[in-house]
Amino acid sequence: MDLGVRWKLHGDGRTPAPGAVVRPDERLTWPRTIGLGAQHVVAMFGASFVAPVLMGLDPNLAIMMSGVATVIFLLATRGRVPSYLGCSLSFVGVAAVIRAQGGTSATVTGAVLVVGAVLFLIGLAVQRFGARIIHAAMPPIVTGAVVMLIGFNLAPVTASTYWPQDQWTALLVMAFTGLAVVCLRGFWSRIAIFLGLLFGYVLSWALDRILGRIHSTGPDGKITDHWRLDLSGVGRADWIGLPSFHGPTFQWSAVLVALPVVIALVAENAGHVKAVGEMTGDSLDDRLGTAISADGVASVLSTAVGGPPNTTYSENIGVMAATRVYSTAAYWAAAGFALLFGVCPKFGAVVAAVPGGVLGGITVILYGMIGLLGAQIWLHAKVDLRNPLNLVPAAAGIIIGVGNVSMKFTDTFSLSGIALGTLVVIVGYHTLRAFAPAHLKRQEPLLDEGTSSYDGSTS
């Protein structure tokens, strides 16, 4: 059985020739390959470590399980789809909602485990029936709206939890990260979030030395005098040791909050597979179902032991585009580095010590970017938002999701926020489409001639 673990040496093994790419089944020399693997791990540091911290989960376990997830993905796709799997940011809002309802870490991981199982089943369905079932059930108007409401639903978390802990540090970190994203080039722009974290870390340490303690809301939610950067946990942590594990618990209310994220994960996977296929010139449409299923299995395994869910990472697409190296050997090296970091509790303690003000500055950009990915889906698919068939369900669902509107059905069952907003978008779109006149199904614009134009033509 070909598991995709054999690679041909590309050229002289040093540098790709002008215009050439190192294909998934090729590699450079092992020292260069290992270096690229380390680069991929660094590229996902920012988002992949911020996510478990924001979800209240062990960052050491998160990085360890990201390595395990990457191995599962590479084996499942037979080495044809280069990818590193890291903690999905799409679940941050879900975790915040579940915890606000009184849920624990076990409740969060239990809900996400169910999502992983559903994702696995969707992958099997795509393998059996093709990608057309995704487009039929979740057209771009639906996918974009759900991704948007998931991202923007996180705004109160930043506004009420992180930003108030140190507003000036948050502002400076936001400004630095924004400049890094826009002004840096190549690999450095891909790790802008990581650089923002480093900047915030150093800034908080310096402000503690210069200005002393800050009087503000602390990590426990109480207003006290406290240090911006508390490294006491780093000193107590061991250099070598296993992360903390826990089993999941299942609550229907938590599962219903988490299930809408399946749509975002399918969109992420489809985009990743398509992007890699275009960059390598190798059509990977036949691997889409396998990739989705592999993500599902990896997430189930991770959450079963108390870790976060895992998914493909856009940061690594940027690294591949910059280096023109798509060798899966580099991802095996990255998985090895992740496993090593996972058994270093001191490393996890450093991550866990990230100040709240720093997270405030990072999440302002990060959460907004998640939400605007929904708009990017609409733009790429040329969705016509002047068509009421598209406009009405998306508008209603987004407001419900972002505003955290709640609907009570019984004394023990209610839907709100992300879950209710997603339901409104999906059910609303397909219901309206069933009753809509034929001319609306042809994507005719909402506004009449002389009022607006679409793609250069009047309606």
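Chemist: Sorry, what's going on with the nonpolar core here?
Modeler: A general tendency of soluble globular proteins is for nonpolar side chains to be buried together. Met55, Val92, Ile362, Tyr367 and Trp378 are the most contacted members of the largest nonpolar core, which totals 88 residues. Setting aside residues no more than four positions away along its own chain, Tyr367 makes contact with Leu54, Val92, Gly151, Leu154, Val157, Thr158 and Tyr162. With five residues, the next largest nonpolar core counts Val22, Leu28, Val325 and Ala330 among its residues.

Chemist: Hey, could you run me through the packing of aromatic side chains in this one?
Modeler: For any two aromatic rings, the description comes down to two numbers: the centre-to-centre distance and the angle of the planes. Going through the model one piece at a time under the given rule, you end up with two aromatic pairs. With 6.0 Å between their ring centres and 85° between their planes, Trp7 and Trp30 make a pair best called edge-to-face. Of the two residues, Trp7 sits in the segment before strand E1 (8-9) while Trp30 sits in helix H1 (residues 30-43), which places them 23 residues apart along the sequence. Judged by relative accessible area, which is 40%, Trp30 ranks as partly exposed. Aromatic pair Phe176 and Phe199: ring centres 4.3 Å apart, planes at 5°, arrangement stacked. On the criterion of sequence distance, the pair formed by Phe176 in helix H9 (residues 167-183) and Phe199 in helix H11 (residues 192-211) is long-range, its members being 23 residues apart. A residue is classified by how much of its surface remains accessible, and Phe176, at 31% relative accessible area, is partly exposed. With a relative accessible area of 27%, Phe199 lands in the partly exposed category.

Chemist: Which parts of the structure should I look at to understand helix H7 (residues 140-152)?
Modeler: Because the α-helix completes a turn every 3.6 residues, residues three or four places apart line up on one side. For H7, built from 13 residues, the straight-helix expectation of 18 Å at 1.5 Å per residue is met to within 8% by its first-to-last C-alpha distance of 18 Å. In terms of burial, H7 is a largely internal element, eleven of the 13 residues being buried. Those residues of H7 that sit buried are Ile141, Val142, Thr143, Gly144, Ala145, Val146, Val147, Met148, Leu149, Ile150 and Gly151.

Chemist: So what exactly am I meant to see when it comes to the pattern of salt bridges here?
Modeler: Taken as a whole, this structure holds four salt bridges when the rule is applied. For the salt bridge of Lys8 with Asp25, the shortest nitrogen-to-oxygen distance reads 3.9 Å. With Lys8 in strand E1 and Asp25 in the loop between E1 and strand E2 (26-27), this pair connects stretches of sequence that are 17 residues apart. Among the residues examined, Lys8 registers a relative accessible area of 51% and is labelled exposed.

Chemist: Quick question: what am I supposed to make of the environment of Gly123 here?
Modeler: Relative to the helices and strands, Gly123 resides in helix H5 (residues 105-129). You can call Gly123 buried: its relative accessible area is 0%. Separated by 166 residues in the primary sequence, Gly123 and Gly289 have C-alpha atoms spaced 4.3 Å apart. Sequence-distant contacts of Gly123, defined by excluding residues within four places in its chain, comprise Gly289, Ile292 and Ser293.

Parameters at a glance
- Residues numbered from 1 in each chain as written.
- Predicted model: local features only at pLDDT ≥ 70, side-chain atom pairs only at ≥ 80, totals over all residues.
- Heavy atoms only, no water.
- Core = buried A, V, L, I, M, F, W, Y, C linked by side-chain atoms within 4.5 Å.
- Buried < 20%, exposed > 50% of the residue type's maximum accessible area, 1.4 Å probe, protein only.
- Contact = heavy atoms within 4.5 Å.
- Phe/Tyr/Trp six-rings, centres within 6.5 Å; stacked < 30°, edge-to-face > 60°.
- Helix = DSSP H or I, 4+ residues; strand = E, 2+ residues; numbered from the N terminus.
- Expected span 1.5 Å × (residues − 1).
- Salt bridge = Lys/Arg side-chain N within 4 Å of Asp/Glu carboxyl O.

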